[in-house]
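Breakdown of the fold
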There are 2 protein chains.
Amino acid sequence: MNTDSELQNPEWRSSCPIASGLDILGDKWSLIIVRDLIEHSSRTYSEFASSPEGISTNILASRLKWLESLSIIERINPDKPSRNNAFQLTQRGKALRPVLEELGKWSQIHLKEIHPTIVKII
Amino acid sequence: MNTDSELQNPEWRSSCPIASGLDILGDKWSLIIVRDLIEHSSRTYSEFASSPEGISTNILASRLKWLESLSIIERINPDKPSRNNAFQLTQRGKALRPVLEELGKWSQIHLKEIHPTIVKII
DNA sequence: TTATTAACTTGCATATTGCAAGTTAATAAC
DNA sequence: GTTATTAACTTGCAATATGCAAGTTAATAA
């Protein structure tokens, strides 16, 4: 990802779209944040932190900046202070829904035998 | 993922299918391997290593074991020695195609302005 | 029988993640 | 308006994962 998480400056491993998508989103947390925003449409910092997966606050802050710098998420009130200023998906972020839907479908079918408590969410 | 990469033993963060899919595939390399096998249908160790993304050999070995232990990939000749014994996708692995297709479509549309050389592969 | 090389493993440096605690500033309570 | 509370972070450090270079092994080619 990026050391200076203020800036959107991905390192592209290749010109393959799949690899490039993973250059941006291929970690354990970025798509969890997107999932939260598909489920809830608007979400504050502490709401993200209270999701069952238990993201730690430093990683959360870093991923929110990263996704915001890539215009995948945005603050609902860009001019207001950050307290209670929730995030939402941009059009670019909403366009990730089919990716998550396909991943969720795959997981339900193929992980249920090794993951006893898997359920449907989206 | 897992320290002992012989064993399939994912740590599930939650019962959400999306999060669970990411528990298994949410890293920079696993889906690159799956992509190679969608593109080429059969691939040896050194062919994986020569993909443009440049996976290092220790990571490659660890991910191949991981994906094999999860029945996402398999050796073409399970009983033969590993030299030139290529890998292929299982049905479970082939079922990941829609996930990668949707990710590729998203990336082509939404990354082209920040990634000048992005192209279509699958 | 020897040389080559595919398929790994190992060791170590660097980067990323996780955990606990601390800081700041906006709002709520009085 | 002053004080207390708490949301939204930041910081420091330990643990884990990744990356790089080199080494090992055993199957096949010469």
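Up top you'll find the structure we're talking about.
This write-up is about the structure you can find in this document.

Rules used throughout
- Residues numbered from 1 in each chain as written.
- Chains lettered and ligands numbered in written order.
- Predicted model: local features only at pLDDT ≥ 70, side-chain atom pairs only at ≥ 80, totals over all residues.
- Contact = placed C-beta atoms within 7 Å.
- Helix = DSSP H or I, 4+ residues; strand = E, 2+ residues; numbered from the N terminus.
- Nonpolar A, V, L, I, M, F, W, Y, C, P; charged D, E, K, R; others polar.
- Near = placed C-beta within 6 Å.
- Least-squares fit on C-alpha atoms with pLDDT ≥ 70 in both.

**Thoughts on the interface of chain A and chain B**
- The interface is formed by 41 residues belonging to chain A together with 41 residues belonging to chain B.
- Residue assignment for the side of chain A that touches chain B shows that the elements contributing at least two residues are α1 (17-25), α2 (30-40) and α6 (97-110) of chain A.
- The element that contributes the greatest number of residues to the side of chain A that touches chain B is α6 of chain A, accounting for ten residues.
- Split into classes, the residues belonging to the side of chain A that touches chain B amount to 21 nonpolar, twelve polar and eight charged.

**Points about the protein's contact with DNA strand C**
- Taken together, 20 residues lie near DNA strand C, and Pro81 of chain A together with Thr44, Tyr45, Ser46 and Asn58 of chain B sit nearest.
- Residues of the surface near DNA strand C, tallied by class, amount to five nonpolar, eleven polar and four charged.

**Focus on the protein's contact with DNA strand D**
- As a matter of local geometry, DNA strand D sits amid 20 residues, with Thr44, Tyr45, Ser46 and Asn58 of chain A together with Pro81 of chain B nearest to it.
- Secondary structure elements with two or more residues in the surface near DNA strand D: α3 (45-49) and α4 (57-69) of chain A together with α4 (57-69) of chain B.
- Considered class by class, the residues forming the surface near DNA strand D number five nonpolar, eleven polar and four charged.

**Thoughts on the environment of Ile18 of chain A**
- One can find Ile18 of chain A in helix α1.
- Linking Ile18 of chain A and Phe87 of chain A, residues 69 residues apart in sequence, is a C-alpha distance of 26 Å.

**Some details on the relation of the copies chain A and chain B**
- Rotating chain A by 180° and moving it 0.0 Å along the rotation axis overlays it on chain B with an RMSD of 0.0 Å. This pairing of chains is accounted for by a two-fold axis. The position closest to the rotation axis in chain A is occupied by the C-alpha of Asp27 of chain A, lying 2.4 Å away.
- Looking at chain A, 100% of its interface residues are interface residues in chain B too, so the copies touch through the same face.

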